[in-house]
Every structure is written in structure tokens, then in C-alpha cells.
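# A structural walkthrough
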Amino acid sequence: MSQANLVRTLDLRGKKLSKAGYQELLPRAEMDIASALSEIEPIIESVRKGNAQTLLDLSLKFDGVAPSGLRVPQKEIDKALAQLDPNLESVINEAIRRVRSVHKDQVRSSTTARVVDGGEVEERWIPVDRVGAVYPSSVIMNVVPAQIAGVKSIALASPAQVDNSGWPNPTILATCAILGVDEIYAMGGAQAIAAFAYGVRSIVDGLTQEILEPVDLVTGPGNIYVAAAKRALRGKIGIDSEAGPTEIAIVADKSARAGEVAADLISQAEHDIIAAAVLITDSLELADQVQSELKLRTQVTKHSQRIVQALSGIQSAIVITDNLEQSLDVANAYAAEHLELLTSDPKRDSRKIRNAGAVFLGRTSPVSLGDYLAGSNHVLPTGGCACHSSGLSVQTFLRGLHFISYNEKAFSEIAPSVITFANAEDLPAHGEAISARFEVGKDL
């Protein structure tokens, strides 16, 4: 292969490695969360102690503009919807329909387990009370599952825009209008996470007024400062994940078309200079062809400079394997946010995939489809977190509560065992809470 290749090559032929071994050879882009944490601590503290004006001042500092108020007025939302291009409105409605179609099947029903006669545990799935979403381009992906889960209060934060009088992007506002979300705040970054965590107050005529009530859960990806704020405030609020740079991995064999593979790698590299694009293939011929296609296509696409930087970064690679089996092993070790299977039988090969945020099967199911109109959710685990975490779903907004009910007979039968367990753990008061039910004068 030529030394002028755009993407580095990693040759794993003849190397049968463990999961950890493959992971070590496939590094991801570095995210210095520790440094970001130190940078955002003053921001979080200022929001915690401040008021609405604090958020407006931060918008002016970081976004270059401050709107006339923190919450977007209904008239601005209505105006955005009225001015929305009809064709785009149709596309947005179709995206919403498809996402709803997929996510409605994720609703979980209550179940009751009869442990013994007279003793049962019921599990009910209860939505969180209030949610804040922070990434504007994922409005549909965040809001629709929350609505299906039954969340009653949904607030959205989106950064102030210089070209919209300090209000968020009009398309974002219009999408919120279509979804029925009218609580929208012109704020972004770490300050938005802090505002959702602590709430925002203002002093009017000497009285404190709540402008933004705190939320229970914040969802949606963002930049490194958003990720750092989520880490800093986790516990104060629930979070879905700490999202890192986007990534795509493609497992391809000789049946794949080089131009399509290159186009798909470029599509995710377009996001960020630290986005990851990884091709895993056992075909040297395909690898060479993809390198050539990448050089051609990056010269003519709009965001060429950042795409080239992402593709040439340490986080991107073309991985050469001995065979398809090894390719799938590497893919499972890498646990990509987006995984494409461009093989002769992607459905069959997908049965061997255990770790991925979302898996796209075949050449007519590219990642870009999932970004917008597949119906699947595009808020997915990054940085290898797909080994243990799932993408955003209705389940994200639900909590399983157990309701325990034992009658007197079932309780009496198990009481001695509970006391034995309690004494074994040197927690006698636990046992005494059981034996108290048998004291003289008690009904039991």
C-alpha cells in the first residue's frame, strides 16, 4: 500500500488476540475530561448561585449573543413553525412517525411474580417526573421516547444563535412545536446542564421566582464540556451517558463496494476532527480501493478539512484481518457507536455481533439512514461503552419499582429465615423488626 494513504493501516493478520488486545491496538481519540472539569467548575458554581441573568451573560460569552430572555416565547416558536419550509416539515413529520413506530414497542408492562402463596412482588415501570434534553439536532430522538414513556414535563435547551436574535435555531423551535414541546431555553454547554440540575431563579420586586424548575434526568449528547458537566452533576441529576466523539466501524468483505464504504466513513468523519472512522476487512484489494476513494471524495465534499483531519487521526484506521470471523471479533472488541456490516450475508453475520450501539445491515442500510429516518434512535453509546450500555430508548425514562405484598401466613413462614440472615450479617435490628411482629399483644 502507498505511503500517501489518508488513513493509517493496522495489519492484524496472524494475530489472534483477546478482546483487550484488540482494544489496545485500536485507540480512540483522547478526551481530556479532567481538564474540562476544571474549566467548567466555575461555570457550574456560577449557575448554582446565580439567576437568569447569569445564563444570559454566559450565552453572550460563549455564543456571542444573548436573547432578551432565557425562555423562548411562544410567539417565537409559532413563528418558526409558520416559516418552516413545507418540504422540511413533511420530512420532520415522517421522521417523528418512524421513531414513534419503533419506540412504541419498547414500552414495558407491569408484571407480578408470585414468590409463594400469599407473597408477591409486583414490578411497575414509572416514568421520571421531569426531563431536560440538551442536544438540539436530537430533538426527535430525545423527545419521542420520553413522551412514549409517559414523562409529563419535558424541557429543551438549545444554544442562542447570532442570526436569530439570540433565540435557538428556528428549525429546532419548529420541531419542538410539532412535538408539542413549548418549554425551550436559549442556553447550551455546561451551563445548560447546571441550569437543569439546580434550576434557575430570578428576583422580581424583592421576591424569588422560579424561572426553570430542576429536572430529574438530562439526556442528549454534546461536546466535551457537556460530557464533563454531566459527569460533575451525576447524582444531583440522572444522565443517559457521557457521550464522546462519534464513530463508525464497517466490517466489509470483498463483496463491498469501495465507493460506498468510503462515503460512509466520510459521513461520520464530517462530524468532528476527532470523529473515528474504522474499516475492518479481510480484503486487501478492497482496502486499497477504499484508500483511493477516500482521497477522491474528500477533495470534493464540503467539510473536507475536518474530514481529512479525522480520517488521518489515530482514532481512524483500516484494519486488515485474516478472515471474516476475525473481523467480527475485532468489531465486538471495538464496540462501535455505529457498526455497518457490508458483507455477502449481513443478516447471518449480525448474529455474531454482541457489542455495538446500532448495527446497519447491508449496503441499503447506511448509518446516515439511522441518523435521520430509519426510526431507530441515534443517541448511542460511544467510546466502547456499547460493551455495557444501550442507546437512548423509552427504557431510559422509566424506573422499575417493586411493590412487595406478603400476607400473615407467608410472612410467618419466612420470618425465622430473615432473622437468621440478619444475625449472620451482624445486623440484629433487622431481625428485631421481624420478631417485633410476634410480640405479645400484637395481632400476628
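Above: the structure in question.
Residues numbered from 1 in each chain as written. Predicted model: local features only at pLDDT ≥ 70, side-chain atom pairs only at ≥ 80, totals over all residues. Heavy atoms only, no water.

### Comments concerning unusual backbone geometry
- Positive phi is not limited to glycine here, since Ser 165 has a value of about 55 degrees.
- With respect to the secondary-structure elements, Ser 165 resides in the loop between strand E5 (153–158) and helix H7 (170–179).
- With a phi angle near 55 degrees, Asp 426 is a residue other than glycine that sits in the positive phi range.
- Within the element layout of this structure, Asp 426 appears in the loop between helix H16 (408–424) and helix H17 (428–435).
- Classification of Asp 426 as exposed rests on a relative accessible area of 63%. (Helix = DSSP H or I, 4+ residues; strand = E, 2+ residues; numbered from the N terminus. Buried < 20%, exposed > 50% of the residue type's maximum accessible area, 1.4 Å probe, protein only.)

### Remarks on the layout of surface pockets
- Empty space within the second largest pocket amounts to approximately 290 Å³.
- In terms of lining, the second largest pocket is formed by 15 residues, of which the most central are Asp 240, Ser 241, Glu 242, Ser 389 and Ser 390.
- Across the lining of the second largest pocket, the residue classes tally to five nonpolar, seven polar and three charged. (1 Å grid on protein atoms, 1.4 Å probe; cavity = no way out; pocket = protein on both sides within 12 Å on 5 of 7 lines; lining within 4 Å. Points joined across faces, edges and corners; volume = space filled by probe spheres on them. Nonpolar A, V, L, I, M, F, W, Y, C, P; charged D, E, K, R; others polar.)

### Overview of the sheet that holds strand E6 (residues 184–186)
- With parallel pairing, five strands are arranged side by side in an open sheet as E6-E5-E4-E9-E10. The sheet is open, and its two borders are formed by E6 and strand E10 (238–239), each paired with just one other strand.
- As defined by bridge partners, strand E9 (residues 217–219) adjoins E10 across two bridges and the pair is classed as parallel. Bridged to Leu 217 within E10 is Gly 238.
- In the packing of helix H8 (residues 189–198) onto the sheet, contacts are made with strand E4 (130–133), E5 and E9, and the angle to E5 comes to roughly 155 degrees. (Pairing = 2+ DSSP bridges. Contact = heavy atoms within 4.5 Å. Axes fitted to C-alpha atoms, helices over the stretch in contact; angles between N-to-C directions.)

### Overview of the sheet that holds strand E14 (residues 338–342)
- One open sheet accounts for six strands, arranged E1-E13-E12-E11-E14-E15; its pairing is parallel. Where the open sheet ends on each side, the last strands, each with one partner, are strand E1 (9–11) and strand E15 (358–361). Looking at each pair of strands side by side, their axes are set apart by 20 degrees on average, direction ignored.
- Bridge count for E14 against E15 is four bridges, and the pairing is parallel. Among the inter-strand pairings, His 338 is bridged to a residue of E15, identified as Ala 358.
- Packed on one face of the sheet, helix H10 (residues 258–269) meets strand E11 (247–252), strand E12 (276–281) and E14 and runs near 165 degrees to E11.

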